[in-house]
Amino acid sequence: MDEQEWLTEQFEEHRGRLRAVAYRMLGSVSEADDAVQDAWLRLRRTDGGTVENIGGWLTTVVARVCLNMLRSREQRREEPLDLRMPEPIISQESGGDPEHEAVLANSVGLAILVVLETLTPAERLAFVLHDMFAVPFEEIADLIERSPAATRQLASRARRRVQGQAPVPDPDLGRQRRVVDAFFAAARHGDFDALVAVLDPDVVLRADGGARGSGSVVIAGAPTVAGQAILFGRLSQFARPALINGAAGIIATTPRGPLSVMGFTVTGGRIVAIDVLSDPDRLHQLDLDALDA
């Protein structure tokens, strides 16, 4: 086996982990794949004999590429940070997509990604690499040009925000689905009391309608969210069950195209977060073919 074949074999061995790192960093499957491809091109130009730990080297390269992409994204933003829904990973409830399952290993719900979007690039990198992939603070510090102590503080700050705004969902998918189905049944019938009963008192609804759509909306509290839910109860007739980032959710679609993707976080048998992507431009970029397989 020559060096290029060996490098290719090593890269393929680590590709799943690299995609998982990049998706959590960027909240976009397509951008994550670009970052991983960039790492592969850099590896091909490298003398493999000089790299002691290929996996660690590749993780560092992908993290640096993602950090630069996040910083560039931040610089291009002309307005104050608004709600930006990450690109959801959508699959059938029966599962069966190994690539998606690899990206979502150790589950990363849509609600967590929404919170990660509110972090600074350095906070996001410190949290993702350390808390999700156990990279030592000393290695992360070199990437962001901070001390290990300062890097630890960044991760701690990010952790508090994630824990405060993105509760851990119930592990039982069947239970999640029953709660989501009860939510839509109540919305379809305009049953306000039933909606409130299935919602956590502090539930948060976040919706990203995009510039061409309804804009972004964030509302909180069971009565307020229940009132809003009744308004889109009409979507029930178009709703199709799906896994949204590994959790129970729905896609509302018509013959003319998708209307929205809704991810739910169910904790303790109640809905604590609803994350909605209804931006028409971004919806038409999603790959929904797997749902028809």
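As shown above, the structure is provided for reference.
Here's what I pulled together on the structure shown here. (Residues numbered from 1 in each chain as written. Predicted model: local features only at pLDDT ≥ 70, side-chain atom pairs only at ≥ 80, totals over all residues. Heavy atoms only, no water.)

Some details on the overall build of the protein
Filter applied, for reference: Helix and strand definitions follow DSSP, with helices as H or I runs of at least four residues and strands as E runs of at least two, each counted in order from the N terminus. Think of it in three bands: with a 1.4 Å probe and only protein chains considered, a residue is buried below 20% of the maximum accessible area for its type, exposed above 50%, and partly exposed in between. Only the protein chains shown count as cover for residues, and all accessible areas are computed by the Shrake-Rupley method using a 1.4 Å probe.
Regarding its fold elements, the protein presents 12 helices and seven strands. With 293 residues in all, the protein has 49% of them scored as buried. Accessible area of the protein: about 14200 Å², with a carbon and sulfur share of 49%.

A closer look at the nonpolar core
Note the cut-off: Buried Ala, Val, Leu, Ile, Met, Phe, Trp, Tyr and Cys residues form a nonpolar core when they are joined through side-chain atoms within 4.5 Å. Any two residues whose heavy atoms approach within 4.5 Å at even a single point are treated as in contact.
Counting residues in each nonpolar core, the largest one holds 53 residues, and the members touching the most others are Met25, Leu116, Leu125 and Leu129. Looking at this core, the elements that each hand over two or more residues are α1 (3-26), α2 (29-44), α3 (54-76), α5 (110-116), α6 (121-133), α7 (137-144), α8 (148-165) and β7 (270-277). Apart from the residues within four sequence positions on either side, leucine 129 is in contact with Val21, Thr59, Ala63, Ala134, Val135, Ile140 and Leu143.

Points about α2
Formally: Expected span of a helix, by definition, is 1.5 Å for each gap between consecutive residues, and there is one gap fewer than residues. In this description, the arc belongs to the directions extending from the helix axis to the C-beta atoms.
An ideal rise of 1.5 Å per residue puts 22 Å on 16 residues; α2 measures up with 23 Å between its terminal C-alpha atoms. For α2, the set of buried residues is Val29, Ala32, Ala35, Val36, Ala39, Trp40 and Leu43. For α2, the angular spread of the buried residues around the axis is 145 degrees, confining them to a single face. Packing partners of the buried residues in α2 comprise α1 and α3.

Quick look at the side chain of threonine 59
Rules: Whenever a nitrogen or oxygen atom comes within 3.5 Å of another N or O atom, the pair is scored as a polar contact, on the condition that within protein one atom can donate a hydrogen and the other can accept it, and that pairs from neighbouring residues in sequence are kept only if both atoms are in side chains.
Looking at the secondary structure, you find threonine 59 in helix α3. Separated by 3.4 Å, the side chains of threonine 59 and arginine 17 make a polar contact. Polar side-chain contacts of threonine 59 include one of 2.9 Å to the backbone oxygen of glycine 55. Apart from residues lying up to four places away in sequence, threonine 59 is in contact with Arg17, Leu18 and Leu129.

Overview of the packing of α7 against α8
Operational definition: Helix axes are fitted only over the stretch in contact, all axes being lines through C-alpha atoms; the angle between N-to-C directions runs from 0 to 180 degrees. With respect to orientation, any angle under 35 degrees is reported as roughly parallel, any angle over 145 as roughly antiparallel, any angle of 65 to 115 as roughly perpendicular, and every other angle as oblique. Classification convention: Asp, Glu, Lys, Arg as charged; Ala, Val, Leu, Ile, Met, Phe, Trp, Tyr, Cys, Pro as nonpolar; all other residues, Gly among them, as polar.
Between α7 and α8, whose axes approach to 8 Å, the crossing angle comes to 95 degrees. On the basis of the axis angle, α7 is roughly perpendicular to α8. Listed contacts from α8 to Phe137, Glu138, Ile140, Ala141 and Ile144 of α7 are Pro148, Thr151, Arg152, Leu154 and Ala155. For the contact of α7 with α8, the residue count by class is seven nonpolar, one polar and two charged.

Some details on the environment of asparagine 68
Relative to the helices and strands, asparagine 68 is located in helix α3. The class of asparagine 68 is partly exposed, set by a relative accessible area of 42%. Sequence spacing of asparagine 68 and proline 121 is 53 residues, and the spatial spacing of their C-alpha atoms is 8.5 Å.

Focus on the sheet that holds strand β1 (residues 90-91)
Note the cut-off: Between any two strands, pairing holds if DSSP finds at least two bridges.
Pairing is mixed in the open sheet, where seven strands are placed in the order β1-β4-β5-β6-β7-β2-β3. The two strands at the open ends of the sheet, each matched to only one other strand, are β1 and β3 (216-220). Direction of pairing for strand β5 (residues 247-254) relative to strand β6 (residues 257-267): antiparallel, over a ladder of six bridges. Residue alanine 252 lies in a different strand from β6, and its bridge partner there is serine 260. Along the sheet, helix α9 (residues 173-188) makes contact with β2 (199-208), β4 (239-244), β5, β6 and β7, crossing β5 at roughly 45 degrees. Packed on one face of the sheet, helix α11 (residues 222-231) meets β2, β3 and β7 and runs near 50 degrees to β2.

Comments concerning the side chain of threonine 254
Position of threonine 254 among the secondary structure elements: in strand β5. A relative accessible area of 18% means that threonine 254 is categorised as buried. In this structure threonine 254 touches Phe238 and Leu259, once residues within four positions along its chain are discounted.

Describing the pattern of salt bridges
Heads up, the rule is: A side-chain nitrogen of Lys or Arg and a carboxyl oxygen of Asp or Glu constitute a salt bridge if their distance falls within 4 Å.
Taken as a whole and assessed by the stated rule, the structure comprises 12 salt bridges. In this structure, the salt-bridge partner of glutamate 31 is arginine 73, at a minimum N-O distance of 2.6 Å. Highlighted residues: glutamate 31 in helix α2 and arginine 73 in helix α3, separated in sequence by 42 residues. Judged by relative accessible area, glutamate 31 falls into the partly exposed class, the value being 23%. Put simply, arginine 124 and glutamate 117 hold a salt bridge, and the shortest N to O gap is 3.4 Å. The class for arginine 124 is buried, based on a relative accessible area of 2%. Taken together, the shared-partner salt bridges in this structure form one network comprising Glu31, Arg73, Glu117 and Arg124.

A few points about the pairing of β2
Summarising the sheet, β2 and β7 pair through six bridges and their orientation is parallel. Across the sheet, residue leucine 199 finds its bridge partner in β7, namely isoleucine 271. In this sheet, β3 lies alongside β2 in antiparallel orientation, the contact comprising five bridges. What sits directly across from aspartate 208, in β3, is serine 216.

Bear in mind that shape data such as this cannot, by itself, settle questions of function.
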